[in-house]
Amino acid sequence: MGFFESSFFWFIEGLFACLAIIALRTWTQDKGIPMPFWKWPVVIVWVLFLAVSIAYIGTSIGEGEMDAAFFGTIFAAVIASISGVVAWRLLRMR
Amino acid sequence: MKTEEDRPRRELRVARRTLIKAAGATSAALGLSGLGLCGYQAGRDPDSYTGCEGLQGAAQSFNRKKFAVDEPPYEKVGPTRRADGRTEVIFSRVGVARSAAQMGKRIEDLDEPFRSYYEQHPEDFELDKQNSELRRKVAEDSPENRNRYILAEAWADAMGAVSPRPIGNEPPEISDFPGRRSRSPFKMKSSAATAKLIKKVSYEFGTVLIGITKLNHDWVYKYPSSRRGFAMNEPIEVPKHWEYAIVVGTPMSWDPMYANPNYGTSNDAYSKSRIVAFRLASFIKRLGYAARPHTPGNSYDLMVPPIMVDAGLGEQGRHSIVITPELGCNFRPAVVTTNLPMSTDKPIAFGVQDFCKNCKICAEQCPSGAISKADKKIVRGYKRYQLHSSKCFNFWNSNHGSLGCRVCIAACPYTRKSNWVHRTALQVTANDPTGISDKLLAGMQKRFYPGPEPSDFYAATLGGKNASYREPPWWLRTEDFIEL
Ligand code: SF4
Ligand code: SF4
């Protein structure tokens, strides 16, 4: 079994996710942005979309499907940018 | 009031918060990159070569129970008729047309049943006559082009080099039954236990897929397609002991399959499925029951795809090949007919009929135009898609490599390796009752996974570019290993 299929890899990913969440909390506190419960799903959904898109692009490259990787990147970039602006506005709401 | 002494503590707190934020940002970047690399690995992983990851049935992993239906997903619309194996199977009739072409014969000069068949299908006569000429034209291609397929041809031959001895010309009442060594049939404890046993040993014999059904006599040829104990011009009376049909299937090697039509071969899966079927028939006979293997290339007394559907292995697609949830259509099947009592599997409907309605990728990619973009037709009393086999076989003779094409198999969106992307897509289409995902995924498939122009698949001497659906794997690139 390779590193990327191991439980250790997912443990590290989990660790990174925890650190990122703590950092986000710290950052919003410093900026004085309130984080009521409904903002967390907005952030999580957006990050998950980004994560799945990156994994898809990686998988397509691994499969040798360069068209899929290319169009996947464009598709993800457009959706992530539009939804990112919306998410950012929601996040900044006080 | 904040004093000068508080300053270092404040600075420390600020520094700590900055560190947390920096670490979080770095973690997010690393985490996302890790997912990208994990995806890359998933795309390359040999474990995604479904059906090649191990025996013991591990690959037959789709939850069929959830999609089980009482009636198979094809429609019986009128009086049915059994297929004539002598004329309706391309391999049986094509030799007659070829020699007619050599001898300058016309349809009316042919013997029955070929005369009647070609009178009803004059287009097939013209197409079937062309094959030798097409082969000759392909052979005229430059040595440079022809030699590119030396390794692919060697590999295809090697894959077909091991084969069980075909069953002889004894009638099924003799050849299907155990020989002298065996006793009367053992009494089996239960049909459910027997089915479980048969599936387990079949996995041990090397199958990847297996399903069991009662044999529908509509699928047995009316007249045989090859001599296997039947007289060629007498209708087959379905033997009473052909009560059950066990269907097995094994995949073709994935990378050459994607590089069809000229780098792939059916021989690898033919050979594996043949061996499984013969082993299984031998096993059943030692239990004292009758068993007859029906195996590829053309050693069948029946039509395999609808039996696969009945046995719950998949659904028949627009290209006429059965689509299974695990292997898509990248497999070759074999059947064993038997009187060993077993419990049977239910057919499944996992959304293929709806998906095929608007997908049509196979029809768009097919170089010969053999796959129709039109709706289903009524064929021998059943509503189904029908492949134009004469057009298809013409293309088999119009490209390099081992005989065949298989582009429709490679292009079908269900024929994808087992990684999270394609497994997720399969689950989405199978579970979406609205049909929205069918349209979305078929559209994405066309845009994201395009293939060459269909005409490019032809040999250069026939106006094509010797294209393959995808690049060949490194180990079939002749030019990298042999001085040409
Ligand atoms: S095997 Fe090739 S020619 Fe035949 S139907 Fe499929 S794509 Fe068309
Ligand atoms: S390519 Fe599309 S239309 Fe053709 S069999 Fe596969 S799913 Fe159906």
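Residues numbered from 1 in each chain as written. Chains lettered and ligands numbered in written order. Predicted model: local features only at pLDDT ≥ 70, side-chain atom pairs only at ≥ 80, totals over all residues. Heavy atoms only, no water.

Caption draft 1: Region of interest: the overall build of chain A. Check the secondary structure of chain A and you find 3 helices and 0 strands. The C-alpha atoms of chain A give a radius of gyration of 16 Å, which is well past the 12 Å a tight globule of 94 residues would have. Reported as C-alpha extents along the three principal axes, the dimensions of chain A are approximately 45 × 30 × 20 Å. Across chain A, the mean location of the 6 positive side-chain charges is 30 Å away from that of the 6 negative side-chain charges. (Helix = DSSP H or I, 4+ residues; strand = E, 2+ residues; numbered from the N terminus. Rg over C-alpha atoms; globule rule 2.2 N^0.38 Å. Lys, Arg positive; Asp, Glu negative; His and termini not counted. Charge placed at Lys NZ, Arg CZ, Asp CG, Glu CD.)

Caption draft 2: Spotlight on the packing of helix α2 (residues 90-103) of chain B against helix α4 (residues 122-129) of chain B. Residue and element names in this part refer to chain B. Running from N to C, α2 and α4 cross one another at 75°; their axes reach a closest spacing of 8 Å. If you check the angle between α2 and α4, you find them roughly perpendicular. For the pair formed by α2 and α4, the contact residues are I90, R93, V94, A97, R98, A100 and A101 on the first element and D124, F125, D128 and K129 on the second. Of the residues in the contact of α2 with α4, the class split is 6 nonpolar, no polar and 5 charged. (Axes fitted to C-alpha atoms, helices over the stretch in contact; angles between N-to-C directions. Parallel < 35°, antiparallel > 145°, perpendicular 65-115°, else oblique. Contact = heavy atoms within 4.5 Å. Nonpolar A, V, L, I, M, F, W, Y, C, P; charged D, E, K, R; others polar.)

Caption draft 3: Main features of the site of ligand 1. All names here are of chain B. Taken together, C366, P367, S368, I371, L387, C392, F395, C405, R406, V407 and C408 are the residues near ligand 1. Every element with two or more residues in the shell around ligand 1 is listed here: α15 (389-396) and α16 (407-411). Its residues placed into classes, the shell around ligand 1 shows 9 nonpolar, 1 polar and 1 charged. (Near = heavy atom within 4 Å.)

Caption draft 4: Structural context of the confidence of the model for chain A. Mean pLDDT for chain A: 93, with 99% of residues reaching 70 or above. The element-level mean pLDDT for chain A is lowest in helix α1 (residues 7-31) of chain A, coming to 93, with helix α2 (residues 39-63) of chain A highest at 95. (pLDDT = per-residue confidence, 0-100.)

Caption draft 5: Molecular detail of the pairing of strand β4 (residues 291-294) of chain B. Residues and elements named next belong to chain B. Residue alternation in β4 divides its side chains into two sets, A291 and P293 and R292 and H294, and both sets are buried. Pairing analysis gives 4 bridges linking β4 to strand β7 (residues 332-338), with the strands arranged antiparallel. Pairing of P293 across the sheet is with V336, part of β7. (Buried < 20%, exposed > 50% of the residue type's maximum accessible area, 1.4 Å probe, protein only. Pairing = 2+ DSSP bridges.)

Caption draft 6: Broad picture of the packing of aromatic side chains. Within this structure, the stated rule accounts for 29 aromatic pairs over all chains. An aromatic cluster of three or more residues is present, and its members are A:F3, A:F4, A:F8, A:F9, A:W10 and A:F11. (Phe/Tyr/Trp six-rings, centres within 6.5 Å; stacked < 30°, edge-to-face > 60°.)

Caption draft 7: Spatial organisation of the site of ligand 2. All names here are of chain B. With respect to spatial proximity, the complete set of residues near ligand 2 consists of R318, H319, I323, F355, C356, C359, K360, C362, C412, P413 and Y414. The biggest single contributor to the shell around ligand 2 is helix α13 (residues 352-359), with 3 residues. Residues of the shell around ligand 2, tallied by class, amount to 8 nonpolar, 1 polar and 2 charged.

Caption draft 8: A look at a nonpolar patch on the surface. Residues and elements named next belong to chain A. A surface patch of nonpolar side chains, about 640 Å² in accessible area, is lined by F70, I74, F75, V78, I79, I82 and V86. Within the secondary structure, I79 sits in helix α3 (residues 66-92). For I79, a relative accessible area of 34% puts it in the partly exposed group. (Patch = residues over 30% accessible without salt bridge, like charges linked within 9 Å, V, L, I, M, F, W, Y side chains within 5 Å. Areas by Shrake-Rupley, 256 points an atom, 1.4 Å probe, with all protein chains shown as cover. Salt bridge = Lys/Arg side-chain N within 4 Å of Asp/Glu carboxyl O.)

Caption draft 9: Main features of the pattern of salt bridges. Residues and elements named next belong to chain B. For the coordinates displayed, the defined rule picks out 26 salt bridges over all chains. Among the salt bridges present, the one from D354 reaches K357, with a minimum N-O distance of 3.5 Å. With D354 and K357 both in helix α13 and 3 residues apart, the pair spans about one turn of that helix. For D354, a relative accessible area of 43% corresponds to the partly exposed category. Here the salt bridges do not stand alone but share partners, grouping D176, R228, R292 and D301 into one network.

Caption draft 10: Main features of helix α9 (residues 191-205) of chain B. Residue and element names in this part refer to chain B. Taking 1.5 Å per residue, 15 residues should reach 21 Å; α9 reaches 21 Å between its end C-alpha atoms and fits that length. Where α9 is concerned, the buried positions are T194, A195, I198, V201, S202, Y203 and F205. Packing partners of the buried residues in α9 comprise β2 (209-214), β3 (244-250) and α11 (267-286). Immediately beyond the C-terminal end of α9, within one or two residues, lies G206, with a positive phi of roughly 115°. (Expected span 1.5 Å × (residues − 1).)

Caption draft 11: Representation of the interface of chain A and chain B within the structure. Taken residue by residue, the interface counts 32 residues in chain A and 31 residues in chain B. Three residues stand out in chain A for area buried against chain B, namely A:F4, A:T59 and A:E63, and they jointly supply 19% of the buried area on that side. Our count for the chain A to chain B interface comes out at 3 salt bridges. The shortest N-O distance in the salt bridge between B:R17 and A:D30 comes to 2.7 Å. (Buried area = accessible area lost by both parts, 1.4 Å probe.)

Caption draft 12: View of the sheet that holds strand β8 (residues 377-379) of chain B. Residues and elements named next belong to chain B. The strand order across the open sheet built from 3 strands is β1-β9-β8, with neighbouring strands paired in antiparallel fashion. If you trace the sheet from one side to the other, it starts and ends with β1 (75-76) and β8, each paired once. As defined by bridge partners, β1 adjoins strand β9 (residues 382-384) across 2 bridges and the pair is classed as antiparallel. Note that in β9 the partner of E75 across the bridge is K383.

Caption draft 13: Spatial organisation of the environment of B:N216. All names here are of chain B. Inspection of the secondary structure puts N216 in the loop between β2 and β3. In sequence terms N216 and I307 are 91 residues apart; their C-alpha atoms lie 7.7 Å from each other. In contact with N216, other than residues within four places in its own chain, are Y74, D310 and Y382. Reaching out from N216, the side chain makes a polar contact with the backbone nitrogen of D218 at a distance of 2.9 Å. (Polar contact = N/O pair within 3.5 Å; in protein donor to acceptor, adjacent residues only side chain to side chain.)

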